[in-house]
Amino acid sequence: MPMMDLGFNLQVLGIEWGTVLMFGMLIALLLTGMPLAFVTLLVALIFALGWFGPMSIPLITSRVYSFVMNFVFVSVPMFVLMAAILDRSGIARDLFDAMKLFAGRVRGSVAIQTVFVSVILAAMSGIIGGEIVLLGLLALPQMLRLGYDRNLAIGVVCAGGSLGTMIPPSIVLIIYGLTANVSIGELFTASFLPGFMLAMFYCIYILARAYLTPGAVPDIDPTPVPREEKLRLLKGLALPILVVFMVLGSIYGGIASVTEASAIGVGGVLLSTVLRGEFSYELLRGAAMQTLATVGMIVWIGIGATAIVGVYNLMGGVDFVSGMITGISDNPTVIVLVMMLILFFLGAFLDWVGIALLTMPIFVPIITELGMDPVWFGVLFCMNMQVSFLSPPFGPAAFYLKSVAPPDITLGVIFRSLLPFIALQILAVGLLIAFPGITGR
């Protein structure tokens, strides 16, 4: 459709130069500091008007409407609310204390205890920011006080706190499922073992450092825990395990959908705060406000990304990129590796929400066309996002920890501490590509 009335017509560029201009405009606007959501919306609007004319605007709004009206999306604020309540209650602190009953007789026990607490917290909420801050306040000071190697302690907190990406009910998996139109229940089932595998990699690394590197961890405390103290600590373990059982058990048992299970989880966490005597209006209000801010950010990024992908699809861009990627090689594994490199590059600069909503509408059809399982690819995507959470220059895990770390721990120190854990995450990505059966698919 000509654009004589607006004075420009971007169609004359062709899809190749149109793609270059769109990508360049995105980068230029992001460098100004403008939020990703508004950048994608602005670029989508410019290209919709410049390529198709004013009549294309309703197409954008209808696509955005279908995204935000998906019922499964309701589970996102529920899981965020769970994390916000956990952040304000003492449940995580008691859980951390209770786990020393199971790891107390092993070298590096506090670091291993931190990883297992991370797995349980991830299974309760699926949000990484709150977990890293909690562990940064609980575990990091204790490990530094006991004499753990500083780099090891920092890496364990950041890498363990990021496990919420992989362990169900991960919000990254929910957003992927909505974008790729695959079963979120199947994604949860397929991601559990890879997530636990990654946690075990961390534990093996901790044990290797503990037994092979002198001075990396303190000696084992020979003092036994009194029976009364054991009973008190076990009480702190009961409520979190019950909440995890309620959420994941209801999903895997077919009792509730993901959306219904998220509401069950919120009810379970609220009941836990009541039973512990911690419930208050201030706690609920603070958690609700944090949830509104977080979910508002996710929704706005979703709206912008959905709009720009919709416009790019109408331009023929998805077919252009698909042809370009599939033309790289006849080997499907090579194509998957190229996708992983693209995601790894984007993960160093963009938020995972934007990456998922911008790339998955292009990548998932290619995966399906190659005869591969989109559920397996979703788990692979989440494992890749694990790397992005730790990778410089904008790895969010480092910034979350920096907000609560002692002043002498700089961002440079944090990023250097994360390098061994990034290597373990890349190893996990490679194993998932080489052995898709790890996901049970």
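Note that the structure is predicted; figures quoted are calculated from it, not measured. (Residues numbered from 1 in each chain as written. Predicted model: local features only at pLDDT ≥ 70, side-chain atom pairs only at ≥ 80, totals over all residues. Heavy atoms only, no water.)

Undergrad: How should I be thinking about the packing of helix α3 (residues 57-68) against helix α14 (residues 281-314) in this particular structure?
TA: Working note: a packed helix pair is described by the angle between its axes plus the distance between those axes. Running from N to C, α3 and α14 point in directions that differ by 135°, and their axes come no closer than 9 Å. The angle between α3 and α14 places the two elements in the oblique class. The two elements α3 and α14 meet at a crossing, and its hand is right-handed. Touching Leu59, Ile60, Arg63, Val64, Phe67 and Val68 of α3 are Val299, Gly302, Ile303, Thr306, Ala307, Val309, Gly310, Val311 and Leu314, all from α14. (Axes fitted to C-alpha atoms, helices over the stretch in contact; angles between N-to-C directions. Helix = DSSP H or I, 4+ residues; strand = E, 2+ residues; numbered from the N terminus. Parallel < 35°, antiparallel > 145°, perpendicular 65-115°, else oblique. Left-handed = near helix turned anticlockwise from the far one by under 90°. Contact = heavy atoms within 4.5 Å.)

Undergrad: What is the right way to read the nonpolar core from this model?
TA: Taken as a class, soluble globular proteins show a tendency for nonpolar side chains to be buried jointly. Judged by nonpolar contacts, the single largest core of 159 residues is most densely connected at Ile175, Phe377 and Phe381. The element that contributes the greatest number of residues to this core is helix α11 (residues 184-212), accounting for 13 residues. With sequence-adjacent residues up to four places away left out, Phe381 is seen in contact with Val172, Tyr176, Leu343, Trp352, Ile355, Ala356 and Met360. (Core = buried A, V, L, I, M, F, W, Y, C linked by side-chain atoms within 4.5 Å. Buried < 20%, exposed > 50% of the residue type's maximum accessible area, 1.4 Å probe, protein only.)

Undergrad: Looking at this model, I keep getting lost on the pattern of salt bridges. Mind explaining?
TA: Opposite charge on two side chains permits pairing when their charged atoms draw close. For the coordinates displayed, the defined rule picks out four salt bridges. A salt bridge links Arg150 to Asp408, with the shortest nitrogen-to-oxygen separation between them at 3.4 Å. In this pair, Arg150 is assigned in helix α9 (residues 150-161) and Asp408 in the loop between α19 (396-402) and α20 (411-434), connecting sequence segments 258 residues apart. Owing to a relative accessible area of 32%, Arg150 belongs among the partly exposed residues under this scheme. A salt bridge links Arg276 to Glu278; its shortest N-O distance comes to 2.9 Å. The exposure class of Glu278 is partly exposed, given its relative accessible area of 22%. (Salt bridge = Lys/Arg side-chain N within 4 Å of Asp/Glu carboxyl O.)

Undergrad: Explain the packing of aromatic side chains here, please?
TA: Two descriptors summarise a pair of aromatic rings, namely the distance from one centre to the other and the angle between the planes of the rings. Within the structure shown, the criterion is met by six aromatic pairs. Taking the centre distance of 6.5 Å and the plane angle of 5° together, the rings of Phe192 and Phe196 count as stacked. In this pair, Phe192 and Phe196 are both assigned in helix α11, four residues apart and thus about one turn of the helix distant. Of the residues examined, Phe196 reaches a relative accessible area of 32% and is grouped as partly exposed. Consider the rings of Phe399 and Phe415, whose centres lie 6.4 Å apart with planes at 75°: the pair is edge-to-face. Highlighted residues: Phe399 in helix α19 and Phe415 in helix α20, separated in sequence by 16 residues. Accessibility expressed as a relative area gives 37% for Phe399, which makes it partly exposed. In this structure Phe415 comes out as buried when scored by relative accessible area, which is 12%. Taken together, the ring pairs connect Tyr202, Tyr205 and Phe421 into an aromatic cluster. Above the face of the Tyr211 ring, Arg107 is positioned so that its terminal group lies 5.8 Å from the ring centre. (Phe/Tyr/Trp six-rings, centres within 6.5 Å; stacked < 30°, edge-to-face > 60°. Lys NZ or Arg CZ within 6 Å of the ring centre and 35° of its normal.)

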